[in-house]
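# Close look at the chain arrangement
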Amino acid sequence: MSEAVADKAAGAVAERFTELYGAEPHGVWAAPGRVNLIGEHTDYNDGFVMPFALPHQAVAAVSRRADGVLRLHSEDVEGGVRELRLDDLSPESDKNWTAYPAGVVWALREAGHAVTGADIHLSSTVPSGAGLSSSAALEVVVALALNDLFSLDLRGWQLARLCQRAENVYVGAPVGIMDQTASACCEAGHALFLDTRDLSQRQIPFDLAAEGMRLIVVDTQVKHSHSEGEYGKRRAGCEKGAALLGVNALRDIPYADLDAALARLGDEEEVRRLVRHIVTENERVERVVSLLESGETRAIGPVLAEGHASLRDDFRISCPELDLVVDTALASGALGARMTGGGFGGSAIVLAEEPDVDALTKAIQESFAAAGFTAPRVFEAVPAAGARRLR
Ligand code: ADP
Ligand code: MG
């Protein structure tokens, strides 16, 4: 997002805040959604991920309060301003969207930070439920605003941890640390190579346009209803694998030891498949990093395609819509393609030479029409800035 566009967004959100709450906000902040280039389901196995921020972002106008009251409003949902008392915030008590920002306030206070209340107005361009992390954008923008307004002096990765705790404990969703860290820590023009064990990170230059390529996001607009239960099963299966292999997390199985580890799992076929995905996926992240760092950007295409096959065949979290995007893209000359995010719907990414993008997009749209699927939403993803103050 250009600075001019960001400034306009900030202005509109600030104006709306003033209408709602009768005074100008103390500030305006933004936090983006993300796509994950490679490293899927590795984040709850202490592994590697490589997301980058989208130009789509949540923007929040926020003012401090001193009276223990939290007021919340979103431009994107019906229902007006919600008013809560900080002393009443309790985990899993709220099944609405307000659980995300309220959970962040709760997590900050739980961690001993003196947050005494706030008025918050939110507006987001991150599509919700598309696997592009609208929830983390919401959490991180609120966390950053409160960090600044209450001078908490927390770093991006610390805010990400608190946001994850808000989502795990307050909202009640067992998500890993990738989304929040991506939203908090990504930089424009870069992908974030993140070790989810210790949150050490490296910004990897990722400027496809300069090299004549594009990355397209295809939002299938489907979310299969069993996705949450299946996520839990994969997590539990990975934990079982780690326990059977006597390691803290599957991250601790080096790629060179994969065959020996699989042999030790004997007839645990389901666990073997999960372990194989996680161990090979961590190796794929490392391969993509080294290809990008040595300027061999086009060579990451086949690694993305390998990653998709592993998610489809071993981890078994793809679906017909995602497979159709990937198969059509690869058959139509894409450099690489894979599903991204949790699976069972959501979005896929396609890496392509710039001149091929229009034909590829058309081929994907036609394949969806022929299959009788809902038309996908297609847009270009340019690595954008992480969370920041706009005014
Ligand atoms: P994802 O993070 O992949 O978009 P999630 O299910 O994790 O999907 O989060 C989506 C939820 O986040 C929505 O159901 C809603 O509660 C909340 N949410 C996302 N965007 C907004 C918004 N602009 N305003 C209010 N709530 C939002
Ligand atoms: Mg989410």
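Residues numbered from 1 in each chain as written. Chains lettered and ligands numbered in written order. Predicted model: local features only at pLDDT ≥ 70, side-chain atom pairs only at ≥ 80, totals over all residues. Heavy atoms only, no water.

## As for the sheet that holds strand S12 (residues 377-380)
On the basis of which strands lie adjacent, the open sheet formed by four strands has the order S10-S11-S9-S12 and antiparallel pairing. The sheet terminates laterally at strand S10 (336-340) and S12, the two strands that pair on one side only. Strand-to-strand twist across the sheet, computed as the mean angle between neighbouring axes with direction ignored, equals 20°. In the sheet, strand S9 (residues 213-223) pairs with strand S11 (residues 345-353) via eight bridges, with the strands oriented antiparallel. Of the residues in S11, the one forming a bridge with Ile 216 is Val 350. (Pairing = 2+ DSSP bridges. Helix = DSSP H or I, 4+ residues; strand = E, 2+ residues; numbered from the N terminus. Axes fitted to C-alpha atoms, helices over the stretch in contact; angles between N-to-C directions.)

## A short note on the environment of Arg 391
Inspection of the secondary structure assignment puts Arg 391 in the segment after strand S13 (388-389). A residue is classified by how much of its surface remains accessible, and Arg 391, at 44% relative accessible area, is partly exposed. The contacts of Arg 391, once residues within four sequence positions are left out, are Asp 7, Ala 10, Gly 11, Ala 14, Gly 27 and Val 28. (Buried < 20%, exposed > 50% of the residue type's maximum accessible area, 1.4 Å probe, protein only. Contact = heavy atoms within 4.5 Å.)

## Details of the side chain of Glu 167
Tracing the backbone shows Glu 167 in helix H4 (residues 156-171). No salt bridge is formed by the buried Glu 167, whose closest oppositely charged neighbour, Arg 34, lies at an N-O distance of 9.2 Å. (Lys, Arg positive; Asp, Glu negative; His and termini not counted. Salt bridge = Lys/Arg side-chain N within 4 Å of Asp/Glu carboxyl O.)

## Details of helix H10 (residues 320-331)
Counted at 1.5 Å a residue, the expected span for H10 with its 12 residues is 16 Å, and the 16 Å between its end C-alpha atoms agrees. On its buried face, H10 is in contact with S9, helix H9 (300-313), S10, S11 and helix H11 (357-371). Positioned one or two residues after H10, Gly 333 has a phi angle of 95°, which is positive. (Expected span 1.5 Å × (residues − 1).)

## Thoughts on the sheet that holds strand S6 (residues 118-124)
Spatially, S5-S4-S6-S3-S1-S13 is the arrangement adopted by the six strands of the open sheet, whose pairing is mixed. Of all the strands in the sheet, the pair left with one neighbour each is strand S5 (82-85) and S13. Packing against the sheet, helix H2 (residues 99-110) makes contact with strand S4 (69-74), S5 and S6, and its axis sits at approximately 150° to S4. Each of strand S1 (27-36) and strand S3 (51-64) touches helix H5 (residues 178-185); the most contacted strand, S1, lies at about 125° to it.

## Structural notes on the packing of aromatic side chains
Scanning the entire structure with this criterion turns up six aromatic pairs. Consider the rings of Phe 17 and Tyr 21, whose centres lie 4.7 Å apart with planes at 55°: the pair is tilted. With Phe 17 and Tyr 21 both in helix H1 (residues 3-21), this residue pair falls four residues apart, about one helical turn. Residue Phe 17 is classed as buried on the basis of its relative accessible area, which comes to 1%. Classification of Tyr 21 by relative accessible area gives buried; the value is 11%. (Phe/Tyr/Trp six-rings, centres within 6.5 Å; stacked < 30°, edge-to-face > 60°.)

## A few points about the side chain of Glu 139
Tracing the sequence through the fold places Glu 139 in helix H3 (residues 134-149). The charged side chain of Glu 139 is buried without a salt bridge, its nearest counter-charge being Arg 34 at 11 Å. Residue contacts for Glu 139: discarding those within four places in its chain leaves Tyr 100, Val 104, Cys 163, Glu 167 and Gln 180.

## Remarks on the site of ligand 1
Near ligand 1 you find 16 residues, and of these Ser 74, Asp 76, Gly 129, Ser 134 and Ser 135 are the closest. Side-chain polar atom of Asp 76 to a nitrogen atom of ligand 1: 2.6 Å apart, as the coordinates give it. In this structure, Ser 134 approaches ligand 1 through a side-chain N or O atom, which is 2.6 Å from an oxygen atom. The fraction of the free accessible surface of ligand 1 (560 Å²) that becomes covered by protein chains is 77%. At three residues, H3 tops the list of elements feeding residues into the shell around ligand 1. Among the residues forming the shell around ligand 1, the class breakdown is seven nonpolar, eight polar and one charged. (Near = heavy atom within 4 Å. Polar contact = N/O pair within 3.5 Å; in protein donor to acceptor, adjacent residues only side chain to side chain. Areas by Shrake-Rupley, 256 points an atom, 1.4 Å probe, with all protein chains shown as cover. Nonpolar A, V, L, I, M, F, W, Y, C, P; charged D, E, K, R; others polar.)

## Some points on the environment of Ile 364
Among the structural elements, Ile 364 can be located in helix H11. Aside from chain neighbours lying at most four places away, what touches Ile 364 is Val 218, Val 325, Thr 328, Ala 329, Val 350 and Pro 376.

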